[in-house]
Every structure is written in structure tokens, then in C-alpha cells.
There are 2 protein chains.
Amino acid sequence: MTKRDISMAVIRRLPKYHRYLSEMMERGVDRISSKELSEIIGFSASQIRQDFNNFGEFGQQGYGYNVNDLYREINSIIGLDRTYSVIIIGAGNMGGALANYGFQALGFEILSIFDNDPKKIGKQLCGVDIRDVNILETYMSQNKIDIAVITTPVTVAQDIADRLIISGITSIWNFTPRDLVAPEDLIVENVHLVDSLMTVAYLLNESNGSVS
Amino acid sequence: MTKRDISMAVIRRLPKYHRYLSEMMERGVDRISSKELSEIIGFSASQIRQDFNNFGEFGQQGYGYNVNDLYREINSIIGLDRTYSVIIIGAGNMGGALANYGFQALGFEILSIFDNDPKKIGKQLCGVDIRDVNILETYMSQNKIDIAVITTPVTVAQDIADRLIISGITSIWNFTPRDLVAPEDLIVENVHLVDSLMTVAYLLNESNGSVS
């Protein structure tokens, strides 16, 4: 079965499995049933069995899952058994927060940060060299980059995206509050913080009992 | 109709409507049909009509929507016609990025940042006072806080959440890679950046044609 058959809903649950299995391993849990996993992770047991069935045979009826094996499987399915080269465009607070987040431990190597501020270029942010964004295309022609992270002001986000696309980028992690115009086959993962905060506002008003 | 009837899927689409309508207003667009809106925003026209029908009568058959009216309606439905008091726990890069993001323009007033680092306490981060996290409970008893943002190291996230909950917080915006244990009626909005990046990794491997 190719991964293309898997729905985005399943794909978006994989990191949560990864996180919980990782915590169980740290706590020394060896074996877990789909029912126990269900109680911890908050998906139904049948949902969990269905999710895993997408990727082949995991565990044995009545015996539950071996936590280590399951973790290794999920890790490999997500693609965390390899490394990724990452660049960040925008050496501001968000760029620094991401450079410093600890993604390296998961295999995401942050090779360079780009900015247009002469005061920042040539310096480092969280141990990563800051380069002139003017050499972005040259840098990309000389280095194989898997993921480009955009943390620039929103006004230049599309321009940066266009330059990354022309330079052959295949995936963009977008932190600006703008839906980028991009070719269909480009992977664009948006972290729209404004949307997330607006959802909090909505739920807060709803819980206060307001009526629309 | 109370807002409680609205599904989370609809709620999560509201900020995108807000964003696109805001851009249309800036471009001076007065009126738009659900078909035109559909082409721009990427939801089907019937989806858009259904979404809006949840909130009452918008627009008139054959005439489309008045962009300003629709924007004002969505703005009010989300709850952006009032202000929110926000505190951030954790004066690191992410805390700074959020303090500096511009949420104030949407009515989210960041009142204070809390940290346990003596070198940071008493200083400012992006114009916001940094206070000792030891006085968190006292501060919360003296100030009405709508939203608490957690950007601490993951190891103390649950402890901070517990202290916020005891202090009467109703909504938490969580930036740590941990699912917080919280009462059912607490609003917890997670921004799990690791999950988002793992999704990029999965899609990148999938697009490379690997077979599971």
C-alpha cells in the first residue's frame, strides 16, 4: 500500500501517537492494549486499531501492542528515521524560537537563517549562522534543502515563497498569517497563530453563554 | 440559536473567512458572491452558504454578500468586537515572538509576562513587563485574565497549568509539546509545533514516492 491512500486525518493523528508512545517508553511501559492506549490518548480503541491497520499488521489480538515496536513503526511511518535539512527565513523572535525549539533532536537540522538586516547578517541566532537573504538562491543551489520555514513579516511572505519555489523547494512551513499562492504539488504547512487565537476567543465567548 | 450548536469544523473555518474578508476590504471589494468567495478561499460555495447559515441570514439570493457587513458579522461571531486580557508564562524566544506578533491590533492585550529567571524579572520583553512567576497567583487574584499563554519548558508546563487553573483561568493557549491534563470545561488550545513539523516530514516522504 502506498502512503498516498492515507487520509490527512490519520496523518495528523500520527504525531500524537508518537508523542504518547515516547512518553510510555520513558516510563518503562512495555506493552499496551488498544483499550489502554485509548484511555490515555483520547481516541476510541476502534479508531486506534483502524489507524494502525492503514500501515499493516501491528500487535496481536488479545496481546496488545509492544510499545517499543509500535513507537519504532510510527517513527518510521512519519519519516523520522532520517534527517531533514531546514532553513529559516526571518531572524526575528519567531525564527529564534524555532531555531531554539529542539527540533534537531528529531532529526531536523537547521542549516542557516536568512535575514535582510545588516545588523543581523554574519551573526548567529541560537547557534545558527544568519546569512543575507540576497544569497538565498545561491545558497539553495549549493545545498539540498528539505524544508524552508518562513517567519518574515507578512508583507514579504509571498515574495520569499516565490523565490524558494523557483529555487526548487518542495516544502514550506509557513508562520506568517497569509495563505501562500503555491503550485499544487508543493507541501505548505501553515501555522496560522491568529486563527488559533481567534478560536480561543470564540470558545471563550461561547462558554460565557453568549447567544448569536 | 446558541453558539454551542456550531461544530468545531465550522468554528475553525471562521478565522479564514475573517482573514480573506479583511483582505478584500483592503482591496476595496464591496460585494462578493458565494461562488467568487469560494474560488478565492478554496471552500465550496455550498459549504460557505452552509457555514454562514449557522449564524443567521447573510446576503441575499442572487445579490451576493456585502463584504463590509459580512466581515463585521464574522468579526462579531468570533468575538473580536471586544478586548481580551492575556498573560504569557515564559519569557523566552517564543514568549517574545508572541508578545511581538501584533495580536494587540485584534484586541488581545498582553498585560504581563512571567518567568523564573532573576535576570529577566523586572525587565521588559517587547514592551511588556516581566514579572516573577512566584507572584502568578497573586497577580491573577488582582487582575481579570481571559487567556494564559504557556511558552515554558515542557517539564514545567503541567505545573504552570495547574497553578493557572487553581487561580481560575478559563482558557489556556499552550505552546509546549505536552497535552495538558485539565478540567473538561477549560478551554485549551494547543499549538503543537512538533506535530506540525512531523506532518511536513510525512508529506515530504510521501511525495518522494516511498512505500510503507
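Keep in mind that what you see is a predicted model, and the values were worked out from it rather than measured. Per chain, the residues get numbers from 1 upward, laid out in the order the sequence is written. Both sets of labels track the order of writing: A upward for chains, 1 upward for ligands. The predicted nature of this model means local features are confined to residues of pLDDT at least 70 and side-chain atom pairs, given and counted, to a pLDDT of 80 or more, with totals for whole chains, interfaces and linings taken over all residues.

A. Layout of the relation of the copies chain B and chain A. Here the copies were fitted onto each other by least squares, based on C-alpha atoms from residues at pLDDT of at least 70 in both. Taken as rigid bodies, chain B and chain A are interconverted by a rotation of 180 degrees and an axial shift of 0.0 Å, the fit giving an RMSD of 0.0 Å. Here the two chains are linked by the operation of a two-fold rotation axis. Closest approach to the rotation axis among the C-alpha atoms of chain B is made by B:Asn93, whose C-alpha sits 2.8 Å away. Contacts are defined on C-beta atoms placed from the backbone: any two residues whose C-beta positions lie within 7 Å are in contact. Residue by residue, 100% of the interface of chain B is reproduced at the interface of chain A, so both copies engage with the same surface.

B. Layout of the interface of chain B and chain A. On the chain A side, the residues contacting the 53 residues of chain B number 53 residues. Secondary structure follows DSSP: runs of H or I at least 4 residues long count as helices, runs of E at least 2 residues long count as strands, and numbering of each begins at the N terminus. Secondary-structure elements contributing two or more residues to the side of chain B that touches chain A are helix H1 (8-26), helix H4 (67-78), helix H5 (93-99), strand S8 (171-174), strand S9 (187-190) and helix H8 (193-207) of chain B. No other element matches the 15 residues that H8(B) contributes to the side of chain B that touches chain A.

C. Geometry of the nonpolar core. By convention the nonpolar core is taken to be a set of buried residues drawn from Ala, Val, Leu, Ile, Met, Phe, Trp, Tyr and Cys and joined through C-beta atoms within 7 Å. Buried, partly exposed and exposed are defined by the number of other C-beta atoms within 10 Å of a residue's own C-beta, namely 20 or more, between the two limits, and 12 or fewer respectively, with C-beta atoms placed from the backbone. Formed by 112 residues in total, the largest nonpolar core has its most connected members in A:Val149 and B:Val149. Dropping the residues within four chain positions of it, B:Val149 is found in contact with B:Val86, B:Ile88, B:Ile89, B:Leu98, B:Trp173 and B:Phe175.

D. Expanded view of the sheet that holds strand S9 (residues 187-190) of chain A. Any two strands with at least two DSSP-identified bridges between them are counted as paired. Taken in spatial order, the seven strands make up an open sheet running S5-S6-S4-S3-S7-S8-S9 (chain A), and their pairing is mixed. The open sheet has two edge strands, strand S5 (124-125) and S9 of chain A, and neither has a second partner. Note that strand S3 (residues 84-89) of chain A and strand S4 (residues 108-115) of chain A share six bridges and pair parallel. Note that in S4(A) the partner of A:Val86 across the bridge is A:Ile110. Contacting S3, strand S7 (147-150) and strand S8 (171-174) of chain A, helix H7 (residues 154-166) of chain A runs over the sheet at an angle of about 165 degrees to S7(A). Along the sheet, H8(B) contacts S3, S4, S7, S8 and S9 of chain A; its crossing angle with S9(A), the most-contacted strand, is approximately 170 degrees. Fitting a line to C-alpha atoms yields each axis, with helices limited to the stretch in contact; the angle taken between N-to-C directions then spans 0 to 180 degrees.

E. Up close: the sheet that holds strand S3 (residues 84-89) of chain B. Pairing in this open sheet of seven strands is mixed, and the strands run S5-S6-S4-S3-S7-S8-S9 (chain B) from one edge to the other. Each having just a single partner strand, strand S5 (124-125) and S9 of chain B make up the two edges of the open sheet. With four bridges joining them, S3(B) and strand S7 (residues 147-150) of chain B adopt parallel strand pairing. Bridge pairing links B:Val86 to B:Ile147 in S7(B). Sitting on the sheet, helix H8 (residues 193-207) of chain A touches S3, strand S4 (108-115), S7, S8 and S9 of chain B, and the angle it makes with S9(B) is about 170 degrees. Packed onto the sheet, helix H7 (residues 154-166) of chain B meets S3, S7 and S8 of chain B and runs at close to 165 degrees relative to S7(B).

F. Inspection of the confidence of the model for chain A at higher detail. In predicted models, pLDDT denotes the confidence assigned by the predictor to each residue on a 0 to 100 scale. Across chain A, the average pLDDT comes to 91, with 95% of residues at 70 or higher. Scoring the predicted complex yields pTM 0.91 and, for the interface, ipTM 0.93.

G. Fine view of the domain arrangement of chain A. A domain assignment, automatic or from a database, supplies the domain bounds used here. What the domain assignment lists for chain A is domain 1 (3-78) and domain 2 (84-195). Computed over C-alpha atoms, the centres of domain 1 of chain A and domain 2 of chain A are 32 Å apart.

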